[in-house]
Amino acid sequence: MKQRLDEIKLSNAQIAWRAAQDLRDGAYVNLGIGFPEMIATFQPEGREVIYHTENGILGFGPSPREGEEDWDLINAGKKAVTLNSGASFFHHADSFAMVRGGHLDLAVLGAYQVAQNGDLANWSTGKGGVPAVGGAMDLVHGAKKVVVVTDHVTKNGDPKLVSECTLPLTGVGCINRIYTSLAVVDIEAQGFVLREKLDAISVDELQALTGAQLHLDGDINLLDAPKL
Amino acid sequence: MNKSIDSISDAVAKIEDGSTVMIGGFGGSGAPIELIHALIDAGPKNLTVINNNAGNGHVGLAAMIEQEMVSKLICSFPRSADPRAFTDRYLAGKIELELVPQGTLAERIRAGGAGIPAFYTPTGFGTELAEGKPQKEFDGKPYIEERCLKADYALIKAEQGDGFGNLTYRMAARNFNPLMAMAAETTIVQVNQLVPVGQIDPERIVTPGIFVDCVVEIQNPQQEEDLNRADVRYPEVTT
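Residues numbered from 1 in each chain as written. Chains lettered and ligands numbered in written order. Predicted model: local features only at pLDDT ≥ 70, side-chain atom pairs only at ≥ 80, totals over all residues. Heavy atoms only, no water.

A. Broad picture of the pattern of salt bridges. The final tally for this structure, using the stated rule, is 22 salt bridges over all chains. The salt bridge partner of Glu96 of chain B is Lys72 of chain B, with a shortest N-O separation of 3.9 Å. With Glu96 of chain B in strand E4 (residues 96-99) and Lys72 of chain B in strand E3 (residues 70-75), this residue pair connects regions lying 24 residues apart in the sequence. Look at the salt bridges and you will find they share partners, linking Arg18, Asp22, Arg177, Asp186, Glu188, Arg195, Glu196 and Asp217 of chain A into a network. (Salt bridge = Lys/Arg side-chain N within 4 Å of Asp/Glu carboxyl O. Helix = DSSP H or I, 4+ residues; strand = E, 2+ residues; numbered from the N terminus.)

Below, the structure is given as structure tokens:
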């Protein structure tokens, strides 16, 4: 099963591509550090999206060429960025007012586990070491939509979509949608609702890889992404 | 009124053992490296430091930690490309960590400067960072109580400043700096450029001088990223 999964599953770039298809024109969006940042690469043409970074920029663009970095112009991952036309700067309290105050349209995060009630665990493996939370606990509150991009299962094959998170929580009941390597799943009152799946996997197989009931509600659309 | 002084060592000379010190910046962006290094030269110990991070490499805040000046750190993200200065001491139990979500850290500092002793936020509710904090429902939603943060001193960095302490910032180097300027008993600023009073357009001033006590000009300041790429250590090891 694992070998077959590795053959059919979407790559991180393809998951990012799929999530990017839902970016709305004119949206204010925060992309989490790492994997979620890749979504900006696949922003559909003809749509204008304003990206927010916690350290005080709205409207930043891609990284500059090497040697052209300005270290006062970085994103939350401390990577050098550029400015798009219409960008603005602000201090940290205003930045998180945009987050908590419900002004962002979308926040995209990575996940260790997402529970069927929308709880998210993505900041600590609970194994000791140096704990670090950054802005994750803030970002899950206030954006109009909070979504996750993730592999459907862990490297060991354990479900990442679970009935209850066993790892330390980032937020309670905060996630609306999950884009995985196998499916697109919404979180609604009844729990996980399957919206899209790869053609190569059956609903039963998908259920076996998911730690809680996958509810079916209307059509299940085809999850398809170009080779990237 | 003239809040500007020439000597960076004089600027930090009064910071005594046991002080609480806010240090501006997000990583190296907006970090007052020269003020931090002057504080290392002065050498007060047992400091509580409030910063978003825990230093990177062997300069700035990381160097302060290496010099055993910091007994407690209040921050949101004590990791970096090279976090060894903090990590080694934390794992050895030599430095205390209060981990605060980034937006809560910013708001606690803002509240400290604004005379608000505590506030309610959804951030952290239901997580281990909410343990021991009072909770309350507003309009059917749960929130946790967070206390404000104040400091004896703030060390911050700005772009332009004048003798009244009016400040502007450079791009994303603004970050925590204007908030910390408001929340400290004494705010010490390094500015890239000191200009005569009246020369900064009032419309452009981000931090009004009322929040500032001392301004020192550091032209062409060093940047943490450049120092780390050059593998610089502070203080330089002389053999």
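Now that the structure has been shown, the text picks up again.
B. Region of interest: the sheet that holds strand E1 (residues 20-23) of chain B. Residue and element names in this part refer to chain B. Read across the open sheet, the seven strands follow the order E4-E3-E2-E1-E8-E9-E10; overall the sheet is parallel. Whereas interior strands pair on both sides, the edge strands pair on one side only; in this sheet they are E4 and strand E10 (214-217). Along the sheet, successive strands turn relative to each other by an average axial angle of 25°, direction set aside. Lying over the sheet, helix H2 (residues 33-42) contacts E1, strand E2 (47-50), strand E8 (151-162), strand E9 (184-195) and E10, oriented at roughly 125° with respect to E9. (Pairing = 2+ DSSP bridges. Axes fitted to C-alpha atoms, helices over the stretch in contact; angles between N-to-C directions. Contact = heavy atoms within 4.5 Å.)

C. Structural detail: empty space enclosed by the protein. Scanning the model with the defined rule gives two cavities of 30 Å³ or more in all. Taken as a whole, the largest cavity spans an internal volume of roughly 80 Å³. Looking at the lining of the largest cavity residue by residue, the class counts come to four nonpolar, seven polar and one charged. Lining the second largest cavity, in full, are Asp72 of chain A together with Gly30, Lys157, Ala158, Glu159, Tyr169, Arg170, Ala173 and Asn192 of chain B. A total of three residues in the lining of the second largest cavity trace back to one element, the largest contributor, which is E8 of chain B. Class assignment of the residues belonging to the lining of the second largest cavity gives a composition of three nonpolar, two polar and four charged. (1 Å grid on protein atoms, 1.4 Å probe; cavity = no way out; pocket = protein on both sides within 12 Å on 5 of 7 lines; lining within 4 Å. Points joined across faces, edges and corners; volume = space filled by probe spheres on them. Nonpolar A, V, L, I, M, F, W, Y, C, P; charged D, E, K, R; others polar.)

D. Structural detail: helix H2 (residues 12-20) of chain A. All names here are of chain A. Burial analysis of H2 places seven of its nine residues in the buried class, the great majority of the element. Listed in full, the buried residues belonging to H2 are Ala13, Gln14, Ile15, Ala16, Arg18, Ala19 and Ala20. Where H2 is buried, its residues contact strand E8 (145-149), strand E10 (177-179), strand E11 (183-188) and strand E12 (191-197). (Buried < 20%, exposed > 50% of the residue type's maximum accessible area, 1.4 Å probe, protein only.)

E. Highlighting the layout of surface pockets. Residues and elements named next belong to chain A. Here the second largest pocket defines a volume of roughly 590 Å³. Along its surface, the second largest pocket is lined by 24 residues, and Val153, Thr154, Lys155, Gly157 and Lys160 are the ones closest to its centre. Considering each element in turn, the lining of the second largest pocket owes the most residues, three residues, to helix H1 (residues 2-8). Each residue belonging to the lining of the second largest pocket can be placed in one class, and the counts come to eight nonpolar, nine polar and seven charged.

F. Broad picture of the environment of Asp22 of chain A. Tracing the backbone through its elements, the reader meets Asp22 of chain A in the loop between H2 and strand E1 (27-31). Note: C-alpha distance between Asp22 of chain A and Gln43 of chain A (21 residues apart in sequence) is 9.0 Å.

G. A look at the interface of chain B and chain A. The partner chain A presents 35 residues to the 45 residues of chain B that form the contact. Per-residue buried area on chain B facing chain A is highest for Phe26, Gln102 and Met171 of chain B; these three make up 17% of the total on that side. Run the count over chain B and chain A and you get two salt bridges. With a closest N to O distance of 2.3 Å, Arg170 of chain B and Asp70 of chain A form a salt bridge. At the boundary of chain B with chain A, the tally comes to 16 residue pairs in polar contact (both at pLDDT 80 or more). Looking at the side of chain B that touches chain A, the elements with two or more residues in it are helix H4 (84-91), E4, helix H5 (102-114), helix H6 (177-183) and helix H7 (224-229) of chain B. Considered class by class, the residues forming the side of chain B that touches chain A number 20 nonpolar, 16 polar and nine charged. (Buried area = accessible area lost by both parts, 1.4 Å probe. Polar contact = N/O pair within 3.5 Å; in protein donor to acceptor, adjacent residues only side chain to side chain.)

H. View of the packing of aromatic side chains. Across all of its chains, the model carries four aromatic pairs over all chains by this definition. Centre to centre, the rings of Phe86 of chain B and Tyr90 of chain B are 5.5 Å apart; their planes meet at 20°, and the pair counts as stacked. Of this pair, Phe86 of chain B and Tyr90 of chain B both sit in helix H4, four residues apart, which is roughly one turn of the helix. Between Tyr120 of chain B and Phe138 of chain B, the ring centres sit 5.1 Å apart and the planes meet at 65°, which makes this aromatic pair edge-to-face. Taken together, the residues Tyr120 of chain B in strand E5 (residues 118-121) and Phe138 of chain B in strand E6 (residues 135-138) connect sequence positions 18 residues apart. Taking the relative accessible area as the measure of exposure, Tyr120 of chain B reaches 32% and is therefore partly exposed. In this structure an aromatic cluster arises from ring pairing among Tyr120, Phe138 and Tyr143 of chain B. A cation over an aromatic ring shows up here: Lys78 of chain A above the ring of Phe26 of chain B, its NZ or CZ 4.4 Å from the ring centre. (Phe/Tyr/Trp six-rings, centres within 6.5 Å; stacked < 30°, edge-to-face > 60°. Lys NZ or Arg CZ within 6 Å of the ring centre and 35° of its normal.)

These results come straight from atomic positions and should not be treated as a statement about function.
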